[in-house]
Each structure stands twice: as structure tokens, then as C-alpha cells.
Amino acid sequence: MLRVGLTGGIGSGKSTVADIFRVLGIPVFDADFATRELMETDEALVESIKKEFGEEAYSNKKLNRKYLASIVFNDVYRLEKLNAITHPAVISAAQVWMQQQKATYVIKEAALMFESASAAGVDLVIGVFAPQHIRIKRVMDRDAVSREDVLARIDKQIDEEIKMKLCDHVLVNDEQELLVPQVLKLHEIFLQRIK
């Protein structure tokens, strides 16, 4: 089974690409969703987060996202600490999930594919590229946040040009090139590679 990573900067369209692969019948592991779930269900992870960030990190057994965000998005060191706690659990969950799949190939969608070192667990990586001005507008519209908030999030990720150079395939999602034909082409390449 081929293990394919899917990454891109915030607002690039990773989720859209993942949804296209799902329509094609390809199983997709969503690392962001898994992280949110594990931060509330994995007892060891919950205890590690409480130990590092205090009991206030949880309220009624639910992660206090606003509280945690107020800490980590204003302090690079604390963000790195949170990532160091959560990434190993998510990488492990992805490996278990992949072993359970029966498909020809699977997709692991992760915004921080290279930053978290989870690229080591896949055979190749697809990057989704969109120009920064489009990404900013998409996130502002989607999350109802300011341009400054989006830029602060972008600053926490690897430079987009560097990220795309690390990828084996790059899909362009610039509202000029159609995305579906690009995904279909990769789908055929992956199916042929398995035969």
C-alpha cells in the first residue's frame, strides 16, 4: 500500500483536495481532526498538557482551546512544547490507522507534515499551493478573522516555497487552474504505481 502525505499552508485548499480523494474512494487521515480528538481522549496526552499548561487547559473534560491558543500563539517556545507533546501521539495514531486500511493507497493530510517530521512515515508528499493573497482571503472569510491574525498563523508555518520544494508533487489551487483534473491525474499515477 502506498502512503501519501498531503500538505500545504493554511488556506491552500488541503481539505478540498482531501475531499476529492475521498470521493474517489481513497481513505484520508486528517491529522488536525485526530489532534483535536486525541487532546480530549488520550489520557496520557491530556495529563501531559495539564502538566505543561495547567489545569485551566481543560474545562469539564473538554480542551479549553481559547485558553491554550492564547498561550501558544503568543509564545513560540510554548507552541513548540505543545507540538512536542501532541505530534508523537498523532503520528502514532496515523501509523495504526494506515495499517488498518485495505485500499491501494491512503492519504495522510497534515498541515505540519515537515515541521512535525511526519513526512518520514509516508512514501511521498503532495503539496497544495495557493498564492499568499488568496490564502489570506480564504482564511479571513472562513474563520472571520483579521488579516493580521492570518499572517500570524502563516508565520508559524514553514515558508510556502520551501514546503513545496520538499514535496514530490504540487497541486496548484490558484482559482485559475482546475483542481479536480490535477487530483485525477495523481490518482491515476498512484494506481499505476501500485500495479
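Residues numbered from 1 in each chain as written. Predicted model: local features only at pLDDT ≥ 70, side-chain atom pairs only at ≥ 80, totals over all residues. Heavy atoms only, no water.

Here we take up the overall build of the protein chain. On a plain count of helices and strands, the protein chain comes out with nine helices and seven strands. Compactness check: the protein chain gives a C-alpha radius of gyration of 17 Å against a globular reference of 16 Å for 195 residues, within 12% of the reference. Overall, the C-alpha framework of the protein chain stretches about 50 × 40 × 25 Å when taken along its three principal axes. When the accessible surface of the protein chain is summed, it comes to about 10,700 Å², and 52% of that surface belongs to carbon and sulfur atoms. For the protein chain, the distance from the average site of its 26 positive side-chain charges to the average site of its 29 negative ones is 2 Å. (Helix = DSSP H or I, 4+ residues; strand = E, 2+ residues; numbered from the N terminus. Rg over C-alpha atoms; globule rule 2.2 N^0.38 Å. Areas by Shrake-Rupley, 256 points an atom, 1.4 Å probe, with all protein chains shown as cover. Lys, Arg positive; Asp, Glu negative; His and termini not counted. Charge placed at Lys NZ, Arg CZ, Asp CG, Glu CD.)

Here we take up the nonpolar core. Counting residues in hydrophobic clusters, the biggest one holds 30 residues, and the most contacted among them are Phe29, Met39, Ile49, Phe53, Tyr58 and Leu82. Put simply, the parts of the chain that give this core at least two residues each are helix H2 (31-41), helix H3 (43-53), helix H4 (65-72) and helix H5 (76-100). Tallying contributions element by element places H5 first for this core, with seven residues. For Met39, the residues in contact, after removing those within four places along its chain, are Leu45, Val46, Ile49, Tyr58, Leu63, Leu68, Leu82 and Thr86. (Core = buried A, V, L, I, M, F, W, Y, C linked by side-chain atoms within 4.5 Å. Buried < 20%, exposed > 50% of the residue type's maximum accessible area, 1.4 Å probe, protein only. Contact = heavy atoms within 4.5 Å.)

Moving on: the sheet that holds strand E7 (residues 169-172). Read from one edge of the open sheet, five strands run E2-E5-E1-E6-E7, paired in parallel fashion. Of all strands in the sheet, those with a lone pairing partner are strand E2 (28-30) and E7, marking the two edges. Pairwise comparison of adjacent strand axes, ignoring direction, gives a mean angle of 25° for this sheet. Pairing of strand E6 (residues 124-129) with E7, which is carried by four bridges, proceeds in the parallel orientation. Residue pairing in the sheet places Ile126 in a bridge with His169 of E7. Of the strands in this sheet, strand E1 (2-7), E2, strand E5 (105-109), E6 and E7 touch helix H1 (residues 14-23), which is tilted by about 160° from E5. Where H5 meets the sheet, its contacts fall on E1, E2 and E5, and the angle it forms with E5 comes to roughly 165°. (Pairing = 2+ DSSP bridges. Axes fitted to C-alpha atoms, helices over the stretch in contact; angles between N-to-C directions.)

Across the protein chain, pLDDT averages 93, with 99% of residues at or above 70. Summarising per-element confidence for the protein chain, the mean pLDDT is lowest in helix H7 (residues 147-155) (86) and highest in E7 (98). (pLDDT = per-residue confidence, 0-100.)

Tracing the chain through its elements places Met164 in helix H8 (residues 160-166). What makes Met164 buried here is its relative accessible area of 10%. For the pair Met164 and Val128, spaced 36 residues apart in the sequence, the C-alpha separation amounts to 7.8 Å.

Another aspect to go through is the layout of surface pockets. The computed volume of the largest pocket comes to approximately 1,600 Å³. If you go around the largest pocket, you meet 47 residues; those closest to its centre are Asp32, Arg36, Phe73, Ala111 and Gln157. A per-element tally of the lining of the largest pocket places H5 first, with nine residues. The class makeup of the residues in the lining of the largest pocket is 19 nonpolar, 13 polar and 15 charged. (1 Å grid on protein atoms, 1.4 Å probe; cavity = no way out; pocket = protein on both sides within 12 Å on 5 of 7 lines; lining within 4 Å. Points joined across faces, edges and corners; volume = space filled by probe spheres on them. Nonpolar A, V, L, I, M, F, W, Y, C, P; charged D, E, K, R; others polar.)

Once that is clear, we can look at helix H6 (residues 132-143). Structural remark: α-helix, 3.6 residues per turn; residues separated by three or four positions point the same way. For H6, spanning 12 residues, the distance from its first C-alpha to its last is 16 Å, which sits close to the expected 16 Å at 1.5 Å a residue. Three or more residues of H6 are buried, namely Ile134, Arg135, Ile136 and Val139. Contacts made by the buried residues of H6 are with H7 and H8. Backbone geometry just downstream of H6 places Ala144 in the positive-phi region, at approximately 50°. (Expected span 1.5 Å × (residues − 1).)

Inspection of the secondary structure puts Gln182 in helix H9 (residues 179-194). Not counting the four nearest positions on each side in its chain, Gln182 is found in contact with Val170, Leu171, Val172 and Glu177.

Time to look at the packing of aromatic side chains. By the definition in use, this model includes three aromatic pairs. Ring geometry for Phe21 against Tyr105: centres 6.1 Å apart, planes inclined by 90°, an arrangement best described as edge-to-face. One end of the pair, Phe21, is in helix H1; the other, Tyr105, is in strand E5, and 84 residues separate them in sequence. What makes Phe21 buried here is its relative accessible area of 0%. (Phe/Tyr/Trp six-rings, centres within 6.5 Å; stacked < 30°, edge-to-face > 60°.)

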